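# Analysis of the macromolecular model
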Amino acid sequence: MSWSPEKTVVNSWNEWDPLKHVIVGRADDCHIPPEEPALDAKVPEDSDMRGQWGRRPQETIDRANELLDNFAAMLKKRGIRVDRPTCIDHSLPATTPDFHTDSQFGCMPPRDVLLTVGHEMLEATMSYRCRWFEYLNYRPLMQQYWEEDPNFRHEAAPKPRLTDADYHPDYLSDKIGVEKRLKWAAEKFFVTTEEEPLFDAADVLRFGRDLVVQHGFTTNMKGIEWLRRHFPDHRVHTVNFPGDPYPIHIDATFTPLRPGLILNNPQRRLPDDQRRMFNDNGWEIVDAAQPAHNAPPPLCYSSTWLSMNVLVLDPKTVCVEASEVYQMEQMDKLGMEVVPVELRDAYAFGGGLHCCTADVFREGNCEDYFP
Ligand code: DAV
């Protein structure tokens, strides 16, 4: 696949081939949404976000936008084309015949909503009511790509109904305790039921012909089965990480850096029986370095493990958050050139460097890494 900045081509098969075109999210108008089942299950029990909702403070929005703009400018300087979404009004309620919630979330992070596989960008079902309409932030870009690239496949997974039948009532408590959460996670008893297919795009990692999908709060088994039927030329693998009491999204847990090398969160190790495809093909799975921080920043959903939520620019170059000194040091030892990027003050808006981006074009084709 050849690429030039003047011509839009959608093509990306994995997490590491040379990146040429990417979407970077925006913090504009980001809200802390009201309580709802699947979102509450992810908010840690001791979080400063429990019981409050509304538009995020303007100064935090401005600061996050400053960091996202700087990140975008740095990528552009390296010759990467960067597109930005068009924010909808997230203060509006999300209402369908099946549910109502008083506000939406934001246009961060794009990685949760958009799954790029080859020439296709697929809008995920999502599993939070407040994120049901989030794809609208990206529709102007999808429209543009569709007009400019005759091979672009714009797809949307069936919108879920998200009635109460989608959520286990056992999770509707803020006093479950971490011990019980870990037990439930190990038993694969998550907040979402198997009522209908559900998945977030950030639960999927792309390894050429193979897609590795995390079963957890935001993606259920039917969601994974839907992906299997939707991508008949791929092998779809289900993974889960029992050490995580709040399992959403795979990208602070399992991070491929280049063919043959993956970082794994040492608190959320991939179970032995799920390692076979990697072991049999000579892939190395190494423990990620410890995060540099003891706690997430204020009003943040994510854990301190956003330290390993890195953006790989090519198999030798990786963007790491600038305060994550241990993660940068480990990358250096693993032979990667590290590009430090300041982003911590934007973490509260939904994640780190991988989260806040979505691939449009990476060089390379669909390879079979696990023959
Ligand atoms: O560790 O809180 C964050 C993943 C965001 N996409 C965590 C997972």
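In the block above lies the structure referred to throughout.
Residues numbered from 1 in each chain as written. Predicted model: local features only at pLDDT ≥ 70, side-chain atom pairs only at ≥ 80, totals over all residues. Heavy atoms only, no water.

Along its length, the protein chain carries 8 helices and 19 strands. The C-alpha atoms of the protein chain give a radius of gyration of 19 Å, which matches the 21 Å a tight globule of 371 residues would have. Along the first, second and third principal axes, the C-alpha set of the protein chain runs to 50 × 45 × 40 Å. Going through the 371 residues of the protein chain one by one, you find that 61% of them count as buried. Of all intrachain contacts in the protein chain linking residues separated by at least 6 positions in sequence, the fraction that spans at least 24 positions is 74%. Of the roughly 14500 Å² of accessible surface on the protein chain, 49% is carried by carbon and sulfur atoms. Of the side-chain charges in the protein chain, 40 are positive and 60 negative, and the distance between the mean point of each set is 2 Å. (Helix = DSSP H or I, 4+ residues; strand = E, 2+ residues; numbered from the N terminus. Rg over C-alpha atoms; globule rule 2.2 N^0.38 Å. Buried < 20%, exposed > 50% of the residue type's maximum accessible area, 1.4 Å probe, protein only. Contact = heavy atoms within 4.5 Å. Areas by Shrake-Rupley, 256 points an atom, 1.4 Å probe, with all protein chains shown as cover. Lys, Arg positive; Asp, Glu negative; His and termini not counted. Charge placed at Lys NZ, Arg CZ, Asp CG, Glu CD.)

Taken together, Lys42, Ile248, His249, Asp251, Ala252, Arg268, Ser302, Ser303 and Cys355 make up the full set of residues adjacent to the ligand. The contact in question runs from an oxygen atom of the ligand to an N or O atom on the side chain of Lys42, over 3.0 Å. In the environment of the ligand, a nitrogen atom lies 3.0 Å from a nitrogen or oxygen atom belonging to the side chain of Asp251. Across the complex, the protein chains shield 98% of the 270 Å² of accessible surface that the ligand would expose by itself. Grouping the amino acids of the shell around the ligand by side-chain chemistry returns 3 nonpolar, 3 polar and 3 charged. (Near = heavy atom within 4 Å. Polar contact = N/O pair within 3.5 Å; in protein donor to acceptor, adjacent residues only side chain to side chain. Nonpolar A, V, L, I, M, F, W, Y, C, P; charged D, E, K, R; others polar.)

Within strand 13 (residues 254-258), 4 of the 5 residues are buried, leaving the element largely enclosed by the surrounding structure. As paired elements, strand 13 and strand 14 (residues 261-264) share 4 bridges and run antiparallel to each other. Residue Thr255 lies in a different strand from strand 14, and its bridge partner there is Leu263. (Pairing = 2+ DSSP bridges.)

No statement about biological role is implied by the geometric values presented.
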